[in-house]
Amino acid sequence: MTYKQWLEVVDFIVEPKDKTPRTQIYDRIMLVAIIIGIIPLMFREQTPLFRAFDIASCACFIVDYLLRWMAYGAKHPTQKLWVSYMKYPFTPMAIVDLLSILPTFSIVTPTLKIARVSRLLKLLRVIKFVRYFEPLGIILSVIRKQRSVLGTVFTLAIFYIFITAMIMFNAEQEINPNTGKPLFADFFDAFYWAACTLTTVGYGDLYPISNVGRVISIISAMVGIAIIALPSGIITAGYLDELKERKEKKGKNEE
(Lines give C-alpha, C1' and ligand atoms only; values in the text may rest on other atoms or scores of the structure.)
Protein backbone atom coordinates (compact mmCIF):
# COMPACT_ATOMS: atom_id res chain seq x y z
CA MET A 1 0.00 0.00 0.00
CA THR A 2 1.39 3.38 -1.01
CA TYR A 3 1.44 6.37 1.30
CA LYS A 4 -1.31 8.05 -0.74
CA GLN A 5 -3.53 4.97 -0.48
CA TRP A 6 -2.86 4.84 3.27
CA LEU A 7 -3.94 8.48 3.61
CA GLU A 8 -7.14 7.69 1.73
CA VAL A 9 -7.88 4.82 4.13
CA VAL A 10 -7.18 7.03 7.15
CA ASP A 11 -9.39 9.79 5.77
CA PHE A 12 -12.15 7.27 5.10
CA ILE A 13 -12.07 6.13 8.73
CA VAL A 14 -11.67 9.31 10.76
CA GLU A 15 -13.19 11.94 8.44
CA PRO A 16 -15.87 10.07 6.47
CA LYS A 17 -18.53 11.80 4.40
CA ASP A 18 -20.96 8.95 5.17
CA LYS A 19 -21.09 6.49 8.05
CA THR A 20 -19.97 3.02 6.99
CA PRO A 21 -19.65 -0.16 9.11
CA ARG A 22 -15.92 0.47 9.33
CA THR A 23 -16.29 4.03 10.56
CA GLN A 24 -19.05 2.98 12.97
CA ILE A 25 -16.72 0.39 14.53
CA TYR A 26 -14.01 3.02 14.84
CA ASP A 27 -16.43 5.47 16.48
CA ARG A 28 -17.58 2.83 18.97
CA ILE A 29 -14.00 2.02 19.92
CA MET A 30 -13.32 5.70 20.54
CA LEU A 31 -16.54 6.06 22.56
CA VAL A 32 -15.41 3.19 24.80
CA ALA A 33 -11.99 4.85 25.14
CA ILE A 34 -13.64 8.12 26.18
CA ILE A 35 -15.88 6.36 28.72
CA ILE A 36 -13.05 4.45 30.41
CA GLY A 37 -11.03 7.66 30.34
CA ILE A 38 -13.58 9.60 32.37
CA ILE A 39 -14.55 6.80 34.79
CA PRO A 40 -11.59 7.61 37.13
CA LEU A 41 -12.94 11.16 37.44
CA MET A 42 -15.94 9.75 39.31
CA PHE A 43 -13.73 8.63 42.21
CA ARG A 44 -11.36 10.41 44.58
CA GLU A 45 -8.95 7.50 44.95
CA GLN A 46 -6.91 6.42 41.94
CA THR A 47 -6.44 2.65 41.90
CA PRO A 48 -4.13 0.67 39.59
CA LEU A 49 -7.19 -0.29 37.54
CA PHE A 50 -8.07 3.37 37.02
CA ARG A 51 -4.49 4.11 35.99
CA ALA A 52 -4.72 1.28 33.46
CA PHE A 53 -7.98 2.76 32.16
CA ASP A 54 -6.32 6.15 31.84
CA ILE A 55 -3.29 4.81 29.98
CA ALA A 56 -5.41 2.63 27.64
CA SER A 57 -7.75 5.49 26.76
CA CYS A 58 -4.82 7.85 26.27
CA ALA A 59 -3.21 5.37 23.87
CA CYS A 60 -6.39 5.40 21.79
CA PHE A 61 -6.46 9.20 21.88
CA ILE A 62 -2.87 9.41 20.68
CA VAL A 63 -3.54 7.03 17.78
CA ASP A 64 -6.69 8.99 16.90
CA TYR A 65 -4.78 12.28 17.08
CA LEU A 66 -2.07 11.02 14.73
CA LEU A 67 -4.58 9.55 12.26
CA ARG A 68 -6.56 12.79 12.16
CA TRP A 69 -3.35 14.74 11.70
CA MET A 70 -2.47 12.61 8.69
CA ALA A 71 -6.00 12.86 7.27
CA TYR A 72 -6.02 16.64 7.71
CA GLY A 73 -2.78 17.00 5.76
CA ALA A 74 -4.19 14.90 2.95
CA LYS A 75 -7.49 16.82 2.79
CA HIS A 76 -5.89 20.28 2.92
CA PRO A 77 -2.94 20.06 0.53
CA THR A 78 -0.85 23.14 -0.17
CA GLN A 79 2.20 23.84 -2.29
CA LYS A 80 4.33 23.00 0.72
CA LEU A 81 3.18 19.74 2.27
CA TRP A 82 4.60 20.53 5.71
CA VAL A 83 2.44 23.67 5.94
CA SER A 84 -0.73 21.54 5.73
CA TYR A 85 0.43 19.30 8.54
CA MET A 86 1.49 22.23 10.72
CA LYS A 87 -2.01 23.76 10.64
CA TYR A 88 -3.82 20.83 12.27
CA PRO A 89 -2.41 21.15 15.85
CA PHE A 90 -3.87 24.67 15.99
CA THR A 91 -7.43 23.71 15.03
CA PRO A 92 -9.95 23.84 17.95
CA MET A 93 -10.66 20.11 18.21
CA ALA A 94 -6.96 19.26 17.86
CA ILE A 95 -6.22 21.50 20.86
CA VAL A 96 -8.98 19.73 22.84
CA ASP A 97 -7.52 16.35 21.84
CA LEU A 98 -4.02 17.36 22.90
CA LEU A 99 -5.13 18.80 26.24
CA SER A 100 -7.10 15.62 26.98
CA ILE A 101 -3.95 13.56 26.36
CA LEU A 102 -1.49 15.56 28.48
CA PRO A 103 -2.82 14.64 31.97
CA THR A 104 -1.93 10.98 31.45
CA PHE A 105 1.77 11.83 31.15
CA SER A 106 1.76 12.88 34.82
CA ILE A 107 0.90 9.24 35.60
CA VAL A 108 3.40 7.64 33.24
CA THR A 109 6.18 10.10 34.07
CA PRO A 110 5.56 11.72 37.50
CA THR A 111 8.77 13.79 37.19
CA LEU A 112 7.41 15.55 34.08
CA LYS A 113 6.19 18.65 35.91
CA ILE A 114 5.06 20.45 32.77
CA ALA A 115 2.44 17.74 32.25
CA ARG A 116 1.13 17.94 35.82
CA VAL A 117 -2.17 19.47 34.89
CA SER A 118 -5.31 19.24 36.99
CA ARG A 119 -8.04 16.62 36.74
CA LEU A 120 -10.17 19.31 35.13
CA LEU A 121 -8.24 18.93 31.87
CA LYS A 122 -9.45 15.34 31.69
CA LEU A 123 -13.00 16.66 31.58
CA LEU A 124 -12.19 17.85 28.06
CA ARG A 125 -12.52 14.22 27.04
CA VAL A 126 -16.27 14.62 27.44
CA ILE A 127 -16.20 17.11 24.54
CA LYS A 128 -14.88 14.33 22.32
CA PHE A 129 -18.30 12.67 22.59
CA VAL A 130 -19.58 15.26 20.10
CA ARG A 131 -17.31 13.83 17.42
CA TYR A 132 -18.26 10.18 17.85
CA PHE A 133 -21.80 10.27 19.24
CA GLU A 134 -24.10 11.23 16.37
CA PRO A 135 -27.07 12.61 18.41
CA LEU A 136 -24.76 15.13 20.09
CA GLY A 137 -23.30 16.02 16.71
CA ILE A 138 -26.80 16.68 15.37
CA ILE A 139 -27.64 18.96 18.30
CA LEU A 140 -24.38 20.86 17.78
CA SER A 141 -25.21 21.25 14.09
CA VAL A 142 -28.69 22.55 14.97
CA ILE A 143 -27.24 25.08 17.44
CA ARG A 144 -24.78 26.23 14.80
CA LYS A 145 -27.52 26.71 12.19
CA GLN A 146 -29.90 28.42 14.64
CA ARG A 147 -27.24 30.45 16.43
CA SER A 148 -28.69 33.81 15.39
CA VAL A 149 -32.16 32.97 16.73
CA LEU A 150 -30.78 31.35 19.87
CA GLY A 151 -28.50 34.35 20.37
CA THR A 152 -31.52 36.65 20.27
CA VAL A 153 -33.36 34.53 22.84
CA PHE A 154 -30.27 34.42 25.06
CA THR A 155 -29.93 38.22 24.86
CA LEU A 156 -33.62 38.59 25.77
CA ALA A 157 -33.16 36.29 28.76
CA ILE A 158 -30.11 38.18 30.05
CA PHE A 159 -31.90 41.52 29.60
CA TYR A 160 -34.96 40.25 31.49
CA ILE A 161 -32.80 38.85 34.30
CA PHE A 162 -31.01 42.20 34.62
CA ILE A 163 -34.25 44.20 34.72
CA THR A 164 -35.90 41.82 37.21
CA ALA A 165 -32.82 41.85 39.42
CA MET A 166 -32.76 45.63 39.44
CA ILE A 167 -36.46 45.85 40.31
CA MET A 168 -36.18 43.27 43.09
CA PHE A 169 -32.96 44.79 44.47
CA ASN A 170 -34.75 48.09 45.02
CA ALA A 171 -38.17 46.67 45.94
CA GLU A 172 -37.11 44.11 48.54
CA GLN A 173 -35.97 46.20 51.49
CA GLU A 174 -37.16 43.92 54.28
CA ILE A 175 -34.71 42.41 56.74
CA ASN A 176 -34.43 38.63 56.61
CA PRO A 177 -35.44 37.41 60.11
CA ASN A 178 -33.16 34.38 59.77
CA THR A 179 -30.02 36.39 59.14
CA GLY A 180 -30.91 39.85 60.42
CA LYS A 181 -29.57 41.32 57.20
CA PRO A 182 -31.17 42.55 53.95
CA LEU A 183 -32.21 39.80 51.54
CA PHE A 184 -29.71 40.93 48.91
CA ALA A 185 -26.27 41.94 50.16
CA ASP A 186 -25.36 43.29 46.72
CA PHE A 187 -26.65 43.43 43.16
CA PHE A 188 -25.01 40.11 42.26
CA ASP A 189 -27.25 38.35 44.82
CA ALA A 190 -30.28 39.88 43.11
CA PHE A 191 -28.98 38.84 39.69
CA TYR A 192 -28.40 35.30 40.97
CA TRP A 193 -31.92 35.18 42.40
CA ALA A 194 -33.41 36.49 39.12
CA ALA A 195 -31.54 33.86 37.10
CA CYS A 196 -32.74 31.04 39.37
CA THR A 197 -36.30 32.33 39.22
CA LEU A 198 -36.29 32.80 35.44
CA THR A 199 -35.09 29.23 34.91
CA THR A 200 -37.60 28.01 37.52
CA VAL A 201 -34.77 26.35 39.44
CA GLY A 202 -35.57 27.93 42.78
CA TYR A 203 -32.80 26.74 45.10
CA GLY A 204 -34.49 28.41 48.06
CA ASP A 205 -31.37 30.03 49.50
CA LEU A 206 -32.71 33.48 48.52
CA TYR A 207 -36.41 34.21 48.59
CA PRO A 208 -38.52 37.39 48.90
CA ILE A 209 -40.03 38.30 52.26
CA SER A 210 -42.30 41.22 51.42
CA ASN A 211 -45.55 40.91 49.47
CA VAL A 212 -44.16 43.19 46.76
CA GLY A 213 -41.19 40.89 46.32
CA ARG A 214 -43.43 37.85 46.13
CA VAL A 215 -45.58 39.45 43.42
CA ILE A 216 -42.44 40.22 41.42
CA SER A 217 -41.33 36.58 41.88
CA ILE A 218 -44.65 35.29 40.54
CA ILE A 219 -44.42 37.47 37.45
CA SER A 220 -40.77 36.59 36.89
CA ALA A 221 -41.46 32.84 37.15
CA MET A 222 -44.38 32.99 34.73
CA VAL A 223 -42.39 34.96 32.15
CA GLY A 224 -39.43 32.66 32.73
CA ILE A 225 -41.45 29.62 31.66
CA ALA A 226 -42.19 31.33 28.32
CA ILE A 227 -38.60 32.45 27.73
CA ILE A 228 -37.10 29.07 28.63
CA ALA A 229 -39.59 27.31 26.32
CA LEU A 230 -38.38 29.31 23.30
CA PRO A 231 -34.92 27.72 22.83
CA SER A 232 -36.36 24.28 23.63
CA GLY A 233 -38.87 24.61 20.79
CA ILE A 234 -36.25 26.00 18.40
CA ILE A 235 -33.78 23.18 19.10
CA THR A 236 -36.51 20.49 18.90
CA ALA A 237 -37.78 21.76 15.53
CA GLY A 238 -34.24 22.12 14.22
CA TYR A 239 -33.35 18.61 15.45
CA LEU A 240 -36.27 17.07 13.56
CA ASP A 241 -35.39 19.04 10.42
CA GLU A 242 -31.75 17.94 10.67
CA LEU A 243 -32.77 14.28 11.06
CA LYS A 244 -35.04 14.56 8.00
CA GLU A 245 -32.29 16.25 5.98
CA ARG A 246 -29.71 13.60 6.88
CA LYS A 247 -32.15 10.80 6.13
CA GLU A 248 -32.91 12.25 2.70
CA LYS A 249 -29.19 12.72 2.01
CA LYS A 250 -28.47 9.14 3.03
CA GLY A 251 -31.26 7.89 0.75
CA LYS A 252 -29.83 9.79 -2.22
CA ASN A 253 -26.35 8.38 -1.58
CA GLU A 254 -27.71 4.81 -1.49
CA GLU A 255 -29.48 5.21 -4.86
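Overview of the structure. Worth saying up front: this structure is predicted, and the values here are computed from it rather than measured.

### A closer look at the pattern of salt bridges
The final tally for this structure, using the stated rule, is three salt bridges. Here Glu242 and Lys145 are joined by a salt bridge, their closest N and O atoms 2.7 Å apart. Of this pair, Glu242 sits in helix α10 (residues 211–254) while Lys145 sits in helix α7 (residues 134–145), and the two are 97 residues apart along the sequence. We classify Glu242 as buried; its relative accessible area is 6%. The class for Lys145 is partly exposed, based on a relative accessible area of 46%. Note that Lys145 and Glu245 form a salt bridge whose closest N and O atoms lie 3.5 Å from each other. With a gap of 100 residues between them, Lys145 in helix α7 and Glu245 in helix α10 connect regions that are remote in the sequence. Take Glu245: its relative accessible area is 45%, and that puts it in the partly exposed class. Each of Lys145, Glu242 and Glu245 takes part in salt bridges that share partners, so that together they form one network.

### A word on the layout of surface pockets
In this structure, the second largest pocket encloses a volume near 170 Å³. Leu150, Val153, Phe154, Ala157, Ile158, Ile161, Leu198, Thr199, Ile227, Ile228 and Pro231 are the residues that line the second largest pocket. Secondary structure elements with two or more residues in the lining of the second largest pocket: α8 (147–171) and α10. Broken down by element, the residue count for the lining of the second largest pocket peaks at six residues, all from α8. Partitioned by chemical class, the residues of the lining of the second largest pocket number 10 nonpolar, one polar and no charged.

The rules behind the values
Residues numbered from 1 in each chain as written. Predicted model: local features only at pLDDT ≥ 70, side-chain atom pairs only at ≥ 80, totals over all residues. Heavy atoms only, no water. Salt bridge = Lys/Arg side-chain N within 4 Å of Asp/Glu carboxyl O. Helix = DSSP H or I, 4+ residues; strand = E, 2+ residues; numbered from the N terminus. Buried < 20%, exposed > 50% of the residue type's maximum accessible area, 1.4 Å probe, protein only. 1 Å grid on protein atoms, 1.4 Å probe; cavity = no way out; pocket = protein on both sides within 12 Å on 5 of 7 lines; lining within 4 Å. Points joined across faces, edges and corners; volume = space filled by probe spheres on them. Nonpolar A, V, L, I, M, F, W, Y, C, P; charged D, E, K, R; others polar.

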